[in-house]
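# Structural overview
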Amino acid sequence: MKLPKFKATIFDKLSSHRTISYSIYICAILFFLVLILIPPIFGIGLKWNLVGEITGNAELMSRAINAIWASFAIAIFVSIIDLVAGIPTAWFITRGRSRWLNVIDTLADIPFVVPTVTLGYSLLLFYSTSQGISSLFGNNLVSPGWLLVILLHFVFSFPVVVRVMVGALLDYQHTFEEAARTLGASPFTVDRTVTFPILRPSLIGAFVLAFARSISETGATMMVAGAFENGAIFAKNMKIEGQQGPLVFVSLILILVSCAIFGLIFVFGSKFRVPMRRIWPSFERKLSSKGVAATRDTLTLLVFFLLVIIPSLFVAFPTINAIIDGTINNAVSSSGIWQEYWASLGLSYFVAALVTLLSILAGLPMAILIARKRMGRSVSAVLDILVNIPIIVPSTALGASLSIFWTNFAFVPEIMLLVLAHLSITYSYFVRSMAAAIERTDIELENAARIHGAKPFTVFRTIILPLTKYSLLAGAIMVLTRSVSETGATIAVVSQLKTAPVLLVDWVSEYQSSTLTIITQSDIGLGCGILIILSFIVLLFLKLGVGRKAVY
Amino acid sequence: MPKIQLKGVTKRFGKKILAVDNVSLEIHDKEYFSLIGPSGCGKTTLLRTIAGLIQPTKGEIYIDDVLVNDVPPEDRGIGFVFQTYALFPHMNVFDNVTYGPRVKAWEEKRAASLGRETLEMVKLEKRFDAYPNELSGGMMQRVAVARALAAGSKILLLDEPLGALDAKIRNELRYEIRRLVEDLELTAIHVTHDQAEAMAISDRIAVMKNGRILQVGTPYELYMNPQQIFVANFIGESNFLEGRVIEVVNETAIVRLRDDLKIKVKKLEASQKNDRVVLAVRPEAFEIAEGRKKMVNALKGVIEKVRFEGTDIRYEIRLVNEDSITIVKPSLGGEWLKEADKVTVGFSPEKSHMFLYPLKGLIAELEVE
């Protein structure tokens, strides 16, 4: 038998000094407050005086209010239908016995890792051009506009709901269901009166994440919105028109209302009850019949494939076209517009890699602080709430605020602004994922290691890290993919640099608005296709390395 | 009347795991029946198969002479107490207890009064509005029993219901459950790995190992007349002495132990001269006396260890032939012997059980994991 290798490092020794570990935690808190939290919140506040520009303009004000209203209406509606469609899908994935369920489980993640800009273009092709489903129903089954925006938001929020609910159902103790069944409840009654009430926190969590994802999305929405404006598009339009007042106004309202909604959910979510006292045994027994269950599963699969998977992957067809018509040769030789594409793709991945590294370094101490309450319960509780704010702030508003904030510091280069903007958006996802993983790790394991002589850092690297490595990997991949696909905040903070999603948005806008453009549909298709392939590689890595153990 | 019959019930998980192996069994009406065996022997799987929570791979299950293989658990008319209690965390005690009547659409007044009555039965009527996380382990166990009883079924299945409780409460609650089952005239199947618990409350017990039932009988039958070496060891405690039959006379046999020690024991029906055998003798069946004493099957030895266990005193003795045995005597039953004392031990032939030496060896036969 061989002893595992262990070598005490200087960090192990230093970590037993209280002052050093506290210094690390304080640095992590300062990093979070100064670089992640304050810029997006206070940037807008600095320009509050510009709001007067819109209050005196009734027409612009009405446009802004309509846009904000549309943002929230769509986010709430989409989150509800995501739950309605996502829960049966998660149910189907976790409760079924077919070996094909793994395939469906993987397919459900596709809209999650494919950059939203690519998704937007794919839906546009599928619903609004003669190449897609429109060819069966006339040229324009769903024109760019609010309906297409709803379909798009449904597609990219759907995997979030499925992933949260699959995790919740896998963790769920089936003994509760079995107990209810032995007491005489039919499967439908069991789900309604036992399973869903117990899974309520996950249901609320899924709703919140779907809502946040819908309210934040900008790039793909711009592709499919046509003349329709929601808050994010209005803000982007105002930026193009150089009207900072309306931009500040819309961003501020989006931030405030989002925070208010999440505050209400946070306070009243625990009081929300799934109706369960009244029971209709014979009716619910009919709903539990094999026929009804089979119909439900069939409908679930139809919605899944017809509304989510096929529209999401439709963009692959022009990619095939690009191979046939020679566009791929231009791409490979980096000629014409493709030179800029490769540069933007390189920039996207460079920024994403840097942001991932920073998120891990700064996020780990913060996750430990929250999960292990190292500085007391109240500090952890406050940090726990504050960490959520960057997730719920719409990315366009966040980008606008960051841009305003950092322009006060002339020495900050644009690339750094870009990194900071992405860091503001992704950091919270990483901290949330790691804090949850550390919380699930039994604290007695840490105590056992300490009692047997391990220093705090030794405990971290020999016990905590190995036990949470799947979540760390999942969190890192999530940060990477989120950063690569980020569009709204990117557009808001940079003027010279272009990441791949921003460039693709420009290509689509140019293709749609100008007949003289050299950009072809094959170019756009191939550009999106390359992003999808890269995303698939990431997804493959996620599935092989992390599997279902991942916590998103 | 609730009677449960199992005919050739087998349950496989995948190709490799045979959890229940061709079990046939009949549990009578109003009987308190226990399934005992070591961890992983298949007793919980068998119980869950009866409840309908697991489908058998083969075999038939009858409740009141009705084949229920295809009947879902909610329609089998059973109450089930889970090892983890499975109290619904989002419902208070009263809502948990009345869950069964409510999902069966019983009249509201009747359901409520039944809930109150059942809570009174388990002495928890004052905690009706408490949530499970506000209760102690013993209270949660009572609520779980009350919930199973309130559903009105005449069959109660209990899966290690006392496993998570401390010894004192466990002792109290096992008699309480037994009393409730008797008062309500229920048929109960109780799964446990604690043989003392099963012995104390059961009408009959089935001992399981590796998915099979080794022996079914009353606690007295299993203790006094074990049919297999494993049962002799699992029910109560036994000393095992290896030897060979050298003579068979009527109901007795002379067995030669190691070192040419000869003893007279109750004969196994199938045994013949020259058979290699194992003798099982309960620690409490031995007599023990200091020095040389005349007694039946007298064997000499030295006390190696003396352990005081409260009600009993336990002697570990090395016999002259190097075999080790344990003898248990009441601690208040006379003077205690000391370590290193030379002693004579003996037992009457009727208190021994003879088994043919197992093909796979004694240690393998006694293994519980």
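Residues numbered from 1 in each chain as written. Chains lettered and ligands numbered in written order. Predicted model: local features only at pLDDT ≥ 70, side-chain atom pairs only at ≥ 80, totals over all residues.

## A word on the overall build of chain B
The helix and strand tally for chain B stands at 10 helices and 20 strands. Taken along its principal axes, the extent of the C-alpha atoms in chain B is 75 × 45 × 35 Å. Looking at the 369 residues of chain B, the share that counts as buried comes to 40%. Taking all contacts inside chain B whose residues are at least 6 apart in sequence as the whole, residues at least 24 apart take part in 66%. (Helix = DSSP H or I, 4+ residues; strand = E, 2+ residues; numbered from the N terminus. Buried ≥ 20, exposed ≤ 12 C-beta atoms within 10 Å, placed from the backbone. Contact = placed C-beta atoms within 7 Å.)

## Comments concerning the overall build of chain A
Along the backbone of chain A there are 28 helices and zero strands. Against the 2.2 N^0.38 benchmark of 24 Å for 552 residues, chain A shows a C-alpha radius of gyration of 24 Å, consistent with a compact globule. When the backbone C-alpha atoms are referred to their principal axes, chain A occupies close to 75 × 65 × 55 Å. For chain A, restricting intrachain contacts to residue pairs at least 6 apart in sequence, the fraction spanning at least 24 positions comes to 82%. (Rg over C-alpha atoms; globule rule 2.2 N^0.38 Å.)

## Observations regarding the confidence of the model for chain B
The share of residues in chain B with pLDDT of 70 or more is 99%, and the mean pLDDT across the chain is 91. Overall fold confidence (pTM) sits at 0.77, and the ipTM for the predicted complex is 0.78. (pLDDT = per-residue confidence, 0-100.)

## Looking at the sheet that holds strand E12 (residues 252-257) of chain B
Residues and elements named next belong to chain B. With antiparallel pairing, the five strands of this open sheet are ordered in space as E13-E12-E11-E14-E20. The sheet is open, and its two borders are formed by strand E13 (262-266) and strand E20 (352-356), each paired with just one other strand. Here the strands of the sheet are splayed against their neighbours by 45° on average, with no regard to which way each runs. Bridging between strand E11 (residues 239-249) and strand E14 (residues 276-281) involves six bridges; their strand directions are antiparallel. Across the sheet, the residue bridging to Phe 240 is Ala 280, located in E14. (Pairing = 2+ DSSP bridges. Axes fitted to C-alpha atoms, helices over the stretch in contact; angles between N-to-C directions.)

## Some points on the sheet that holds strand E9 (residues 204-209) of chain B
All names here are of chain B. Spatially, E6-E7-E8-E3-E9-E10 is the arrangement adopted by the six strands of the open sheet, whose pairing is mixed. With partners counted over all chains shown, the strands left at the sheet margins are strand E6 (78-81) and strand E10 (212-217), one partner each. Taking each pair of neighbouring strands and ignoring which way they run, the sheet shows an average axis angle of 15°. Judged from the five bridges that link them, strand E3 (residues 32-36) and strand E8 (residues 187-192) form a sheet pairing that is parallel. Counterpart to Tyr 32 in the pairing with E8 is Ala 188.

## A closer look at the nonpolar core
Looking at soluble globular proteins, one finds that nonpolar side chains tend to be buried together. By size, the foremost hydrophobic cluster in this structure holds 142 residues, and its most contacted members are Tyr 121, Val 250, Ala 367 and Leu 504 of chain A. At 15 residues, helix H23 (residues 414-440) of chain A tops the list of elements feeding residues into this core. Once residues lying within four places of it in the same chain are set aside, the contact partners of Ala 367 of chain A are Val 431, Met 434, Ala 435 and Ile 438 of chain A. Ranked by size, the runner-up nonpolar core spans 105 residues in total, among them Val 20, Ala 151, Ala 188 and Phe 230 of chain B. (Core = buried A, V, L, I, M, F, W, Y, C linked by C-beta atoms within 7 Å.)

## So, helix H12 (residues 200-216) of chain A
With 17 residues, H12 of chain A should cover 24 Å at 1.5 Å per step; its first-to-last C-alpha distance of 24 Å lies within 8% of that length. Among the 17 residues in H12 of chain A, 13 count as buried, and that is most of the element. (Expected span 1.5 Å × (residues − 1).)

## Description of the interface of chain B and chain A
Taken together, the 21 residues of chain B in the interface contact 17 residues of chain A. Secondary-structure elements contributing two or more residues to the side of chain B that touches chain A are E6 and helix H3 (99-103) of chain B. Element by element, the count of residues in the side of chain B that touches chain A is highest for H3 of chain B, at four residues. Across the side of chain B that touches chain A, the residue classes break down as 13 nonpolar, four polar and four charged. (Nonpolar A, V, L, I, M, F, W, Y, C, P; charged D, E, K, R; others polar.)

## Things to note about the environment of Ala 435 of chain A
Residues and elements named next belong to chain A. Within the fold, Ala 435 resides in helix H23. Residue class for Ala 435 comes out buried when judged on the 25 C-beta atoms lying within 10 Å of it. Residues contacting Ala 435, with those up to four places away along its chain left out, are Ala 367, Ile 370 and Ala 371.

## As for the domain arrangement of chain B
All names here are of chain B. Taken as a whole, chain B is organised into domain 1 (4-232) and domain 2 (237-366). Spacing between the C-alpha centres of domain 1 and domain 2 amounts to 38 Å. Counting from both sides, the interface comprises four residues of domain 1 and, opposite them, eight residues of domain 2. Partitioned by chemical class, the residues of the side of domain 1 that touches domain 2 number four nonpolar, no polar and no charged. (Domains from an automatic or database assignment.)

## Some words on the pairing of strand E18 (residues 324-330) of chain B
Residues and elements named next belong to chain B. Sheet topology note: the strand E17 (residues 312-319)/E18 ladder contains seven bridges and is antiparallel. The residue bridging Arg 314 from the neighbouring strand is Val 328, located in E18. Here E17 folds back onto E18 in antiparallel fashion, the turn holding four residues, of which Glu 322 has a positive phi close to 80°.

## Focus on helix H2 (residues 18-46) of chain A
The largest bend along H2 of chain A reaches roughly 55° and is located at Ile 38 of chain A, with the proline Pro 39 of chain A sitting one to four residues downstream. Restricting attention to buried positions, one finds in H2 of chain A the residues Ala 28, Phe 32, Ile 36, Leu 37, Pro 39, Pro 40, Gly 43 and Ile 44 of chain A. (Bend = angle between axes of the 7 residues up to and from the residue.)

## Quick look at the environment of Ala 410 of chain A
Residues and elements named next belong to chain A. Of note, Ala 410 is situated in the loop between helix H22 (395-407) and H23. The exposed category is assigned to Ala 410, around which 7 C-beta atoms lie within 10 Å. For the pair Ala 410 and Ile 265, spaced 145 residues apart in sequence, the C-alpha separation works out to 39 Å.

## Details of unusual backbone geometry
All names here are of chain B. Positioned with a positive phi, Ala 86 is a non-glycine residue whose angle comes to about 50°. You can see Ala 86 is positioned in the loop between E6 and helix H2 (93-97). Even without being a glycine, Ala 340 presents a positive backbone phi close to 80°. Locating Ala 340 in the fold gives a position in the loop between E18 and strand E19 (342-346).

## Overview of the packing of H2 of chain A against helix H20 (residues 337-372) of chain A
All names here are of chain A. The interhelical angle for the contact between H2 and H20, taken along N-to-C directions, is 110°, at an axis separation of 9 Å. Considered as vectors, H2 and H20 are oriented roughly perpendicular to each other. Residues Ile 24, Tyr 25, Ala 28, Phe 31 and Phe 32 of H2 pack against Ala 362, Pro 365, Met 366 and Leu 369 of H20. (Parallel < 35°, antiparallel > 145°, perpendicular 65-115°, else oblique.)

## As for the pairing of E20 of chain B
Residue and element names in this part refer to chain B. By the criterion of burial, E20 is predominantly enclosed, with four of the five residues buried. Where E14 meets E20, five bridges bridge the pair, whose relative direction is antiparallel. Bridge pairing in E20 places Val 281 opposite Ser 352.

## A word on the environment of Ser 113 of chain B
Mapped onto the secondary structure, Ser 113 of chain B falls in helix H4 (residues 108-121). Measuring from C-alpha to C-alpha, the distance between Ser 113 of chain B and Arg 212 of chain B comes to 43 Å, with 99 residues separating the pair along the chain.

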